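# Architecture at a glance
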Amino acid sequence: MTARQEYGAPPDGLDQHVVDTGAAGVRAAVRGVDPPPRDFPPYVGSRLRHPGRPPFPVRDPEAVELRGPVFGATDVGPLDHDLTAHHRGEPLGERITVSGRITDRLGRPVAGQLTEIWQANAAGRYAHHLDRHRAPLDPHFTGFGRCLTDADGRYSFTTVKPGAYPWQNHENAWRPAHIHFSLFGTAFTQRLITQMYFPGDPLLDYDAILLSVPDEAVRSCLVAAYDPRLSVPDRSLGYRWDIVLDGPSATAFEEGER
């Protein structure tokens, strides 16, 4: 199996112009449609990112929890939020602090929320056996962390800024720098997954995954803001990114991860 087949990529010949044109056409067609369609042709893998069959009733809805992982405050260590402190040596790359609040539609804080992140290293490679990008691995960076939100719904992570990487959606397609976020709610079946992007990244206007969010205002909410108040002197640059779980101002989450 080739990399293009593994990622569900189209044959060679689909270039960025085709992606841009297709994205504009799809956004125009679905403007005002609620909810927007699940398939987004410029993002080739979108057809694999959501259920293909209708839901069916389960006799015992709580039975699924018996086989899921168990999470709790005692499972989260004091250094789990610092991705630069998981190894003996210092990871390579630009140190950053990412922090924000998790709230509901009324702005009320969601306290005790298990929040996880994972990301590529500064060279744009994940510490995962399926990542075949020919960028170096960092022996001092595995790229995942977690924390619990405080009483004000606030989370905070210290990490390195991830690098861009090729992702086989089309010829010469590159993903912008991003961090994956996972929110578990009060049960594993409530899990939500989304991605945070960085301001000023020139790849944002070319990313089929980000462009699959039809509303420009909603897309902009996926981009963090540089916040010098979160920067740690002589240590890291600060970025603020808030997450709204539901309602009209909800953060865009990945379909099929609910």
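Above this note sits the structure.
No experiment lies behind these values; they were computed from the predicted model shown. (Residues numbered from 1 in each chain as written. Predicted model: local features only at pLDDT ≥ 70, side-chain atom pairs only at ≥ 80, totals over all residues. Heavy atoms only, no water.)

This part takes up the environment of Leu137. With respect to the secondary-structure elements, Leu137 resides in the loop between β2 (114-118) and β3 (144-148). Once the C-alpha coordinates of Leu137 and Ala120 are considered, the two residues, 17 residues apart in sequence, prove to be 9.4 Å apart. Each residue touching Leu137, except ones within four places of it in the same chain, is listed here: Asn121, Arg125, Tyr126 and Ala127. (Helix = DSSP H or I, 4+ residues; strand = E, 2+ residues; numbered from the N terminus. Contact = heavy atoms within 4.5 Å.)

Taken as a whole, this structure holds 8 aromatic pairs when the rule is applied. Look at Tyr226 and Tyr239: their rings are 6.1 Å apart centre to centre, the planes differ by 70°, and that puts the pair in the edge-to-face class. You can see Tyr226 sitting in strand β9 (residues 225-226) and its partner Tyr239 sitting in strand β10 (residues 237-240), a full 13 residues away along the chain. On the basis of relative accessible area, Tyr226 is assigned to the partly exposed category, the value being 44%. For Tyr239, a relative accessible area of 6% corresponds to the buried category. An aromatic cluster of at least three residues, connected via ring pairs, comprises Tyr155, Phe157, Phe181 and Trp241. Positioned above the aromatic ring of Trp167, the side-chain terminus of Arg175 is 5.7 Å from the ring centre. (Phe/Tyr/Trp six-rings, centres within 6.5 Å; stacked < 30°, edge-to-face > 60°. Buried < 20%, exposed > 50% of the residue type's maximum accessible area, 1.4 Å probe, protein only. Lys NZ or Arg CZ within 6 Å of the ring centre and 35° of its normal.)

Looking now at the sheet that holds β3. The strands that make up a sheet are held in pairs by hydrogen bonds between backbone atoms, and each pair lies either parallel or antiparallel. Strand order in this open sheet of 4 strands is β3-β2-β7-β8, and the pairing throughout is antiparallel. Strands at the two margins of the open sheet, each flanked by one partner only, are β3 and β8 (192-197). For this sheet the average axis-to-axis angle between neighbouring strands, irrespective of direction, equals 25°. By the bridge criterion, 5 bridges tie β2 to β3 in an arrangement that is antiparallel. Each residue of the ladder has a partner; that of Thr115, found in β3, is Cys147. (Pairing = 2+ DSSP bridges. Axes fitted to C-alpha atoms, helices over the stretch in contact; angles between N-to-C directions.)

Counting buried positions along strand β1 (residues 95-103) yields 8 of 9 residues, so the element is predominantly enclosed. Where β1 and strand β4 (residues 154-160) come together, 7 bridges link them in antiparallel fashion. Along β4, the bridge assignment pairs Gly100 with Tyr155. In terms of strand pairing, β1 meets β10 through 4 bridges, oriented parallel. Opposite Ser99, over in β10, you have Arg240 as the bridge partner. For β1 and strand β11 (residues 243-244), the ladder comprises 2 bridges, and the chain directions are parallel. Bridge pairing in β11 links Thr103 to Val244.

Further remarks concern empty space enclosed by the protein. Scanning all chains against the criterion turns up 1 cavity of 30 Å³ or more. The wall of the largest cavity is formed by Gln119, Ala120, Asn121, Arg125, Tyr126, Ala127, Leu137, Asp138, Phe141, Thr142 and Gly143. (1 Å grid on protein atoms, 1.4 Å probe; cavity = no way out; pocket = protein on both sides within 12 Å on 5 of 7 lines; lining within 4 Å. Points joined across faces, edges and corners; volume = space filled by probe spheres on them.)

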